[in-house]
Amino acid sequence: PPSPEEGAPPAAPAAEAYRSDGPSEEELNTLQTTSTTLQAKLDRLTELASSNDRSGFVHQFVPLDLSSADTLSYLQDLTNAPEADGQWRNLTSEIVAIAAGGGGHKI
């Protein structure tokens, strides 16, 4: 391909991560799970997300058999990676919406 000096068009900017503004009132007022233990887990994740406790959230969110190294790596991805803030917002918005019953028609 031609170089920029040879008249090639400049590279397109990287796509920006979708910015979520959190769940809507409709999502917050919809069907929740009938499992009290699942709802408690989702509520706890929502509390951790709301307080921006990424470490606490990750430790509650990842599978129990995930290695400590992988858990720490995931936490680093949500904390220090170039798109960490966008990924964190999107992940936590989805958890909050699920906890509230958003997007679910049948649980």
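Residues numbered from 1 in each chain as written. Predicted model: local features only at pLDDT ≥ 70, side-chain atom pairs only at ≥ 80, totals over all residues. Heavy atoms only, no water.

1. Re the overall build of the chain
For the record, the criterion: Secondary structure elements follow DSSP: runs of H or I no shorter than four residues count as helices, runs of E no shorter than two count as strands, and numbering proceeds from the N terminus. Each residue is placed in one exposure class: buried if its accessible area under a 1.4 Å probe, protein chains only, is under 20% of its type's maximum, exposed if it is over 50%, and partly exposed if it falls in between. Contacts are residue-level and defined by heavy atoms, with any inter-residue pair within 4.5 Å sufficient. Here the accessible surface of atoms and residues is derived via Shrake-Rupley with a 1.4 Å probe, and residues count as covered only by protein chains that are part of the display.
A tally of regular secondary structure across the chain gives five helices and zero strands. Secondary structure elements of the chain, listed N to C terminal, follow the sequence α-α-α-α-α. Across the 107 residues of the chain, 28% fall into the buried class. For the chain, contacts bridging at least 24 residues in sequence account for 64% of all contacts bridging at least 6. Entry remark: accessible area of the chain is about 7600 Å², with carbon and sulfur atoms responsible for 55%.

2. Side note on the side chain of Gln 39
Looking at the secondary structure, you find Gln 39 in helix H2 (residues 36–50). In contact with Gln 39, other than residues within four places in its own chain, are Gln 32, Thr 33 and Ala 99.

3. Topic: the confidence of the model for the chain
The condition is simple: The predictor attaches a confidence to each residue, called pLDDT, with possible values from 0 through 100.
When the pLDDT values of the chain are averaged, the result is 79; 65% of them are 70 or greater. Residue range residues 12–17 is modelled with pLDDT below 50. Its contacts to residues more than four positions away, or to other chains, number one contact.

4. Topic: helix H3 (residues 54–61)
Along H3, the residues classified as buried are Arg 54, Gly 56, Phe 57 and Val 58. Structurally, H3 contributes buried residues whose contacts are with H2, helix H4 (68–79) and helix H5 (84–100).

5. Quick notes on unusual backbone geometry
Of note in the backbone geometry, Asn 52 takes a positive phi value of approximately 60° without being a glycine. Mapped onto the elements, Asn 52 comes out in the loop between H2 and H3. Take Asn 52: its relative accessible area is 45%, and that puts it in the partly exposed class.

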